[in-house]
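Coordinate inspection notes
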Amino acid sequence: MTTTTTGLRAVPAVGTAHTRVEGRDKVTGAARYAAEIPFTELAHGWLVLSTVTRGRVSSVEDAPVLAMPGVLAVLHHGNAPRVDTDYVGMLGMPPDPTIAVFQHDRVPHAGWPVALVVAETSEQAREAAEALVVHYEEEAHDVTFAKEHPDAYSIPGPGGPAVTEKGDLEAELAASPVTVDAVYTTPEEHHNSMEPHAATALWDGGRLEVVDSNQGTIWVAAELASLFSLDPASVHVRSEHVGGGFGSKGVRAHQVAAVMAATILSRPVRVVMTRRQMFSLAGYRSPTTQRVRLGADAEGRLRALEHSCLSLTSTVHEFIESGAGVARVMYDAPAHHTANRVVRLDVPSPTFMRAPGEAPGSFALESALDELAEKLGIDPIELRTRNEPAVGPVSGLPFSTRNLPACFEEGARRFGWADRDPRPGVRREGRWLIGTGTAAASFFVGAMPSTAAATAEADGTFTVRINAADIGTGARTALTLIAADALEVPTDRVRVRIGDSDFGPAMIAGGSMGTRSWAWAVTAAAGELRERLALSDTIPPVGITVRSDTTAAVGALAQKERHSFGAQFAEVAVDVSTGEVRVRRMLGMFAAGRIINPLTARGQFTGGMIWGISMALHEEAVRDRNTGALYGADLAGYHVASNADVPLVEADWVDDSDPDDPVGIKGIGEIGIVGAAAAIANAVWHATGVRHRDLPIRPDRVITAGPHV
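So, a few notes on the structure that sits alongside this text. Computed from a prediction, not measured in an experiment: that's the story for all the values here.

Re the overall build of the chain
- Regarding its fold elements, the chain presents 17 helices and 25 strands.
- Radius of gyration (C-alpha) of the chain: 26 Å, near the 27 Å computed for a compact globule of 709 residues.
- Along the first, second and third principal axes, the C-alpha set of the chain runs to 75 × 75 × 50 Å.
- Counting every position in the chain, which comprises 709 residues, the buried fraction comes to 60%.

Considering empty space enclosed by the protein
- Overall, the coordinates contain five cavities of 30 Å³ or more when judged by the stated rule.
- Empty space within the largest cavity amounts to approximately 260 Å³.
- Leu-91, Pro-94, Asp-96, Trp-219 and His-317 are the residues nearest the centre of the largest cavity, which is lined by 19 residues in total.
- Looking at the lining of the largest cavity residue by residue, the class counts come to eleven nonpolar, five polar and three charged.

Considerations on the nonpolar core
- With 84 residues, the main nonpolar core has Phe-102, Leu-116, Met-260, Ile-466, Leu-479, Ile-482 and Trp-518 as its most contacted residues.
- Looking at which element gives the most residues to this core, the answer is helix α12 (residues 475–487), with nine residues.
- Beyond its immediate sequence surroundings of up to four residues, Leu-116 is in contact with Gly-45, Trp-46, Leu-47, Ala-73, Val-74, Leu-75, Phe-102, Ala-257, Ala-261 and Val-271.
- Counting residues in each nonpolar core, the second largest holds 83 residues, with Val-292, Met-586, Val-674 and Val-684 among its members.

Observations concerning the pattern of salt bridges
- All chains considered together, the criterion is met by 48 salt bridges.
- As a salt-bridge pair, Glu-388 and Arg-402 come within 2.8 Å of each other at their nearest N and O atoms. One end of the pair, Glu-388, is in the loop between α10 (380–386) and α11 (404–415); the other, Arg-402, is in the loop between α10 and α11, and 14 residues separate them in sequence.
- For Arg-402, a relative accessible area of 13% corresponds to the buried category.
- Across the salt bridge formed by Glu-429 and Arg-427, the nearest N and O atoms sit 3.6 Å from each other.
- Among the charged side chains, a salt-bridge network with shared partners connects Glu-410, Arg-413, Arg-414, Arg-602 and Asp-652.

Comments concerning the pairing of strand β12 (residues 235–238)
- Where strand β11 (residues 207–212) and β12 come together, four bridges link them in parallel fashion. Residue Val-210 lies in a different strand from β12, and its bridge partner there is Val-237.
- Once the chain exits β11 it traverses helix α5 (residues 217–227) before rejoining the sheet at β12, and the crossover so formed is right-handed.

With respect to the pairing of strand β21 (residues 494–497)
- Alternating residues of β21 divide into Val-494 and Val-496, all buried, and Arg-495 and Arg-497, none buried.
- With four bridges joining them, strand β20 (residues 462–465) and β21 adopt parallel strand pairing. What sits directly across from Val-464, in β21, is Val-496.

Some points on unusual backbone geometry
- Cis peptide bonds are those with omega within 30 degrees of zero, and the linkage from Leu-695 to Pro-696 qualifies with -5 degrees.
- Along the polypeptide, Pro-696 turns up in the loop between α16 (676–688) and α17 (699–704).
- Its identity as a non-glycine residue notwithstanding, Phe-102 has a phi of 60 degrees, on the positive side.
- Classification of Phe-102 by relative accessible area gives buried; the value is 3%.

Considerations on the sheet that holds β21
- What the four strands build is an open sheet, ordered β21-β20-β19-β22; its pairing is mixed. Since the sheet does not close on itself, it has two edges, and those belong to β21 and β22 (545–549), each with one partner. In this sheet, adjacent strand axes meet at a mean angle of 15 degrees when their direction is disregarded.
- Here α12 sits on the sheet and contacts β20 and β21; the angle it forms with β21, its principal contact strand, is near 135 degrees.
- Helix α13 (residues 514–534) contacts β19 (451–456), β20 and β22 of the sheet and is inclined by roughly 30 degrees relative to β19.

A few points about the packing of aromatic side chains
- Tallied over the full model, the rule gives ten aromatic pairs.
- Measuring from centroid to centroid gives 5.8 Å for Trp-417 and Phe-569, while their planes differ by 70 degrees, and the two rings are edge-to-face. Pair noted here: Trp-417 is in the loop between α11 and β17 (428–429) and Phe-569 is in strand β23 (residues 563–575), with a separation of 152 residues, a long-range link. Just as Trp-417 is buried, Phe-569 falls in that class too.
- Feature note: the residues Phe-408, Phe-415, Trp-417 and Phe-569 constitute an aromatic cluster, connected by ring pairs.

Digging into the environment of Thr-338
- Relative to the helices and strands, Thr-338 is located in strand β16 (residues 335–345).
- Ignoring anything within four residues of it in the chain, the contact list for Thr-338 reads Ala-162, Val-163, Thr-164, His-307, Ala-324, Ala-327 and Arg-328.
- Engagement of the side chain of Thr-338 in a polar contact is seen with the side chain of Thr-164, the distance being 2.5 Å.
- Of the polar contacts made by the side chain of Thr-338, one reaches the side chain of Arg-328; its length is 2.6 Å.

Notes on α11
- Its twelve residues give α11 an end-to-end C-alpha distance of 16 Å, which sits within 8% of 16 Å, the value for a rise of 1.5 Å per residue.
- By the burial criterion, the buried members of α11 are Leu-404, Cys-407, Phe-408, Gly-411, Ala-412 and Phe-415. The arc that holds the buried residues of α11, viewed along the axis, is 120 degrees, so those residues lie on one side. Across from the buried face of α11, at angles greater than 90 degrees, the exposed residues are Glu-409 and Arg-413.
- Its buried side turned inward, α11 meets α8 (327–330), α10, β18 (432–444), β23 and β24 (580–591).
- Positioned one or two residues after α11, Gly-416 has a phi angle of 80 degrees, which is positive.

Looking at the layout of surface pockets
- In this structure, the second largest pocket spans a volume of roughly 660 Å³.
- Listed by contribution, the elements that provide at least two residues to the lining of the second largest pocket are β1 (43–49), α3 (122–131), β6 (133–138) and α7 (275–281).
- Residue classes in the lining of the second largest pocket are distributed as 14 nonpolar, seven polar and four charged.

Comments concerning the side chain of Glu-223
- Mapped onto the elements of the fold, Glu-223 is located in helix α5.
- Here Glu-223 is buried and forms no salt bridge, its nearest opposite-charge partner Arg-252 lying at an N-O distance of 10 Å.
- Glu-223 has contacts with Tyr-87, Gly-89, Met-90, Pro-95 and Val-251, leaving out every residue within four places of it along the chain.

Rules and cut-offs
- Residues numbered from 1 in each chain as written.
- Predicted model: local features only at pLDDT ≥ 70, side-chain atom pairs only at ≥ 80, totals over all residues.
- Heavy atoms only, no water.
- Helix = DSSP H or I, 4+ residues; strand = E, 2+ residues; numbered from the N terminus.
- Rg over C-alpha atoms; globule rule 2.2 N^0.38 Å.
- Buried < 20%, exposed > 50% of the residue type's maximum accessible area, 1.4 Å probe, protein only.
- 1 Å grid on protein atoms, 1.4 Å probe; cavity = no way out; pocket = protein on both sides within 12 Å on 5 of 7 lines; lining within 4 Å.
- Points joined across faces, edges and corners; volume = space filled by probe spheres on them.
- Nonpolar A, V, L, I, M, F, W, Y, C, P; charged D, E, K, R; others polar.
- Core = buried A, V, L, I, M, F, W, Y, C linked by side-chain atoms within 4.5 Å.
- Contact = heavy atoms within 4.5 Å.
- Salt bridge = Lys/Arg side-chain N within 4 Å of Asp/Glu carboxyl O.
- Pairing = 2+ DSSP bridges.
- Right-handed = clockwise from strand over helix to strand, strands pointing away.
- Axes fitted to C-alpha atoms, helices over the stretch in contact; angles between N-to-C directions.
- Phe/Tyr/Trp six-rings, centres within 6.5 Å; stacked < 30°, edge-to-face > 60°.
- Polar contact = N/O pair within 3.5 Å; in protein donor to acceptor, adjacent residues only side chain to side chain.
- Expected span 1.5 Å × (residues − 1).
- Arc of directions from axis to C-beta.
- Lys, Arg positive; Asp, Glu negative; His and termini not counted.

Written as structure tokens, this is what we have:
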């Protein structure tokens, strides 16, 4: 690397471990989250949710509540401002009608927003909201998700078309000497981030200002402008620090309710979801039932692959969990069929949740591959290696890179896979049966057009502005390293500002595409600024700002199969008398592009793997058929892995720079959870000789599943 008038070092920042640039502010409390920022004359809103699952609101007794101390307003379908929902949103989808709060008297699911009580303090708002009496005309409901449903239908989703087909499936299955035909299920799962959903809205000089916790301020600003028929330039959304999102922090009811109340009262209004409200208003992962049929020759080469996935959606919004999409990438066969289907029920709308489609889909597919390996008497890694596709199984496109075999090779070496006795149930330590398992992982890699600006400041530093969102991933720090390298300066001379819709269009934090998309724009802006400063006669060269737009560059990318890949390994101990399953160690090896910051990247990988432990053994939201509501809609009733459940979890990566990306990035936010649950389930089989096809693997299921080896 050569130095310029801007440069002081020739050592790249990218690829070196770097603590978070905002870390000190977060641990000292200087970093303010959305619900902590003070405003003059701030009022507080408290959402009131329906207590019935289906029906109509017949009346709202708001007069007694309006007379309570501090109460300023009660918004409901009879008096709320009207909004427009006849538009296609930023993500190419119509808006979920749940965000169009208080527009009609219909109640399509339990926990539907029916009113907002606004008061001087949050305590007054809560007391009044709990006192508000709402009368309903209740109707019969259906919330039962079954393995087969007569009203299920196929629709395309984020993972591609609804159905893909090639070859004669039944003929190839009939001709296959070894087959697997099994059904796998995953339950309803929730992504409750540590920081609740919170938004403050106010009008300032004719401009709508919103301070929010979200995964993309440009997304929220665009949706609010469309909903309220506003000039997009008149909506300003800020979201500097976000305490987790995982797909849930898009546009939700609380933001819209806050804007309505601020408009009526002409003062700032803050609305924060409670933990229980998040279980019905923040989205969740749909339960799935998946059938996988595999046919292979005696050497283990697939002749037939069928993967079908059924999920649910609400009656007001169409969202599909594309579990069958993972099969379209991982393995090929002469007969290859996949289908994603959905059924409408009287439930809240599901949404994107970390590794949507791939997380539940990989559990089914990778469990079925393990069952096939068992029947064939072939090592599970060898079976996957023999079925490595040369091109995309469905698309026929070349892979940008596909270093999955390298992940398995290095992972097996580190995990000690060669010492594994393939027979189930032969390893015991006291009361514990010990087993090991593995699974493959993949997640789509994409890039979206983004803009960025880089400015040379008078003090010799540089400011980079990009409408990115750091939802806890370390994106702000990664962009600092990328900008420093592009400018050829030390990282302490770079300030990266994010989370402000005024910074212009940029990709949201989602789909593992955030840092890849933002880095492209930052590299372009900073690189051009460095070149212009090198030609400048001004000393010090200040007052120059360069803005980039990657629309053309991203649009020119050649069509390829672009994915991150990984190999998951797990060792478990099972006490078949109590049903207890303990994960003792996990290893994930990933091929996920160039790693920008090893420190935060390892946290992303291991965080996803820990979530996989939780998915495999703990997480399960159960809906009451009679009330239509969830049992235990809180973090006491909804079990997640605690520190005691998390063993030694290690993650590392192989070289896998993407040649088509200016920085070599792919994406790491979601690949860590993919395959993790399957690896654990496969390890439980190896320990006990009993296959668990339904998640989570609860103690009662282990006890009743016998006999064990």
